[in-house]
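Structural description and commentary
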Amino acid sequence: MWDQEHGGFYWMTDRQGNVLNDQKIVYGQSFAIYCLSEYTLATGDPRGLTYATQLFDLLQKHAADTCYGGYFEVFQRDWTLCEPGSAGGDRKTLDAHMHLMEAFTTLYEASRLPLHRRKLLEVIELLVKRIMHPVYGTGVPQFGADWQVAPQIKFDVIWGWDRFADGGVKRAATDNTSYGHNGEFGWLLLHALDVLKLPYDTHRDVFEKALHHAVTYGVDWELGGLFVEGAHSGAVYDREKEFWQQAEILIGFLDAYRLTGDELYWRAYDNVHRFVLDKMVNSETGEWWPLMTRDGKPIWTHMGHSWKINYHTVRSVIQSINRLDRLAALSA
């Protein structure tokens, strides 16, 4: 999937390696940096870090916005920026920048290069100061190039929109936030601070705002689990239960309980944990149903699709076990 001529990874190939979509999409490149860096950390094989570093350098050369900061996200094969609108060339998103923080964290953990540290700090500052809502501390999904809030539209190459059948603009397109993304952002931020060896108090208020919103408005205290999304001010728009939000909020709530000691987060963790194990896990396969009604009946009955592998689910279980072990050790 590596482009030998222009560098970077193609968006999609078939199983034989034939290129189906040759675009360079930063969302995908971020996961390549992440997995290759983790591969080197896990195996000691330097090739992962070599490719991850090459890709990082390409992003700085082609994708970094030297005027307004952050990264443009959707490019043609030769790193020419795509057109505006649904092609995505004029948009910047929470999703891509959050995953760049995730990727740069692991890249810096593997390389310990000062440049990688500096760029990680830059993207954290951008998330904290530009992307999270200045009042509510919740994630704002989409922006223009100049970081003005933009309506959340569907790109031609989509991610995260696979179940929305509307005409390309999300309902309440400038006032929606994902409870799952807010929880994921929170725990990834704490992990980044750990790798940077910075105290949690550096951004403790940002973490607490994001998780407080999720525990206050996102948890279904009546039927269990986490809702999909709602307004920054609190109204819930989507009460279905999707697999990845449950997975990420389990880690986020455990971190919030560990950091604050507030029993509300422990009750919230227990609530989502029980919903997942009692209703969302398909016991015949061991995998999680991808999408359920509010009360836990499967809407989609296929166990995998283009946006569902074990990235969220297996990681959630591993990270939750790690945190539960730490909490148990503290109380022993």
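Further up the page is the structure itself.
Residues numbered from 1 in each chain as written. Predicted model: local features only at pLDDT ≥ 70, side-chain atom pairs only at ≥ 80, totals over all residues. Heavy atoms only, no water.

Let's shift gears to the overall build of the chain. In terms of helices and strands, the chain carries 9 helices and 11 strands. Expected size for 332 residues packed as a compact globule is a radius of gyration near 20 Å; at 19 Å, the chain falls within 12% of this value. Structurally, the chain occupies a C-alpha span of about 55 × 45 × 45 Å along its principal axes. Sorting the 332 residues of the chain into buried and exposed places 55% on the buried side. Residue pairs in contact within the chain that sit at least 24 positions apart in sequence constitute 61% of those at least 6 positions apart. Summing over all exposed atoms, the chain offers an accessible surface of approximately 14,600 Å²; the carbon and sulfur share of this is 53%. Seen as two clouds, the 32 positive and the 43 negative side-chain charges of the chain have centres 3 Å apart. (Helix = DSSP H or I, 4+ residues; strand = E, 2+ residues; numbered from the N terminus. Rg over C-alpha atoms; globule rule 2.2 N^0.38 Å. Buried < 20%, exposed > 50% of the residue type's maximum accessible area, 1.4 Å probe, protein only. Contact = heavy atoms within 4.5 Å. Areas by Shrake-Rupley, 256 points an atom, 1.4 Å probe, with all protein chains shown as cover. Lys, Arg positive; Asp, Glu negative; His and termini not counted. Charge placed at Lys NZ, Arg CZ, Asp CG, Glu CD.)

Further remarks concern the sheet that holds strand E8 (residues 229-230). Read from one edge of the open sheet, 3 strands run E7-E8-E9, paired in antiparallel fashion. Each edge of the open sheet carries a strand with a single partner, namely strand E7 (177-178) and strand E9 (236-238). Pairing between E8 and E9: 2 bridges, direction antiparallel. When the sheet's bridge partners are listed, Gly230 is paired in E9 with Val236. (Pairing = 2+ DSSP bridges.)

Here we come to the pattern of salt bridges. A complete count under the given rule lists 20 salt bridges for this structure. Glu287 serves as the salt-bridge partner of Lys308, at 2.9 Å between the closest nitrogen and oxygen. Of this pair, Lys308 sits in the loop between strand E11 (291-292) and helix H9 (310-331) while Glu287 sits in the loop between helix H8 (263-280) and E11, and the two are 21 residues apart along the sequence. Its relative accessible area of 4% is what places Lys308 among the buried residues. A relative accessible area of 21% means that Glu287 is categorised as partly exposed. Overlapping salt bridges bring together Asp3, Glu5, Lys24 and Arg77 as one network. (Salt bridge = Lys/Arg side-chain N within 4 Å of Asp/Glu carboxyl O.)

Below, the discussion takes up the nonpolar core. Across soluble globular proteins, nonpolar side chains have a tendency to be buried as a group. Membership of the largest hydrophobic core comes to 90 residues, with the highest contact counts inside it found for Ile33, Met101, Phe104, Phe185 and Phe253. Excluding residues within four positions of it along the chain, Phe104 makes contact with Ile33, Phe56, Gln60, Tyr71, Lys119, Leu120 and Val123. (Core = buried A, V, L, I, M, F, W, Y, C linked by side-chain atoms within 4.5 Å.)

Glancing now at helix H6 (residues 204-218). In this model H6 runs 20 Å from its N-terminal to its C-terminal C-alpha over 15 residues, within 8% of the 21 Å that 1.5 Å per residue would give. Looking at H6, one finds that the buried residues are Val206, Phe207, Ala210, Leu211, His213, Ala214, Val215 and Gly218. (Expected span 1.5 Å × (residues − 1).)

The subject of this paragraph is the packing of aromatic side chains. By the definition in use, this model includes 13 aromatic pairs. Between Trp11 and Trp307, the ring centres sit 6.1 Å apart and the planes meet at 40 degrees, which makes this aromatic pair tilted. You can see Trp11 sitting in the segment before strand E1 (12-13) and its partner Trp307 sitting in the loop between E11 and H9, a full 296 residues away along the chain. Residue classification places Trp307 among the partly exposed positions, given a relative accessible area of 26%. Through successive ring pairs, a cluster of aromatic residues spans Trp11, Tyr27, Phe31, Trp307 and Tyr311. Its end group placed over the ring of Tyr108, Arg112 keeps NZ or CZ at 4.7 Å from the ring centre. The side chain of Arg239 reaches across the aromatic face of Phe227, ending 5.1 Å from its centre. (Phe/Tyr/Trp six-rings, centres within 6.5 Å; stacked < 30°, edge-to-face > 60°. Lys NZ or Arg CZ within 6 Å of the ring centre and 35° of its normal.)

Let us look at unusual backbone geometry. Residue Trp79 is not a glycine yet carries a positive backbone phi of 70 degrees. Locating Trp79 in the fold gives a position in the loop between strand E4 (74-75) and strand E5 (91-93). Of note, Lys197 is a non-glycine position whose phi angle comes to about 60 degrees, a positive value. Positionally, Lys197 belongs in the loop between helix H5 (179-196) and H6. Residue classification places Lys197 among the exposed positions, given a relative accessible area of 68%.

When two helices pack together, you describe them by how their axes are tilted relative to each other and by the distance separating the axes. Relative to each other, H6 and H8 sit at 55 degrees, their axes nearing to 11 Å. Looking at the two axes, H6 sits oblique to H8. Seen from above, H6 lies across H8 with left-handed handedness. Contacts from Glu208, Leu211, His212 and Val215 in H6 reach Leu264, Tyr265 and Ala268 in H8. Grouping the constituent residues of the contact of H6 with H8 by class yields 5 nonpolar, 1 polar and 1 charged. (Axes fitted to C-alpha atoms, helices over the stretch in contact; angles between N-to-C directions. Parallel < 35°, antiparallel > 145°, perpendicular 65-115°, else oblique. Left-handed = near helix turned anticlockwise from the far one by under 90°. Nonpolar A, V, L, I, M, F, W, Y, C, P; charged D, E, K, R; others polar.)

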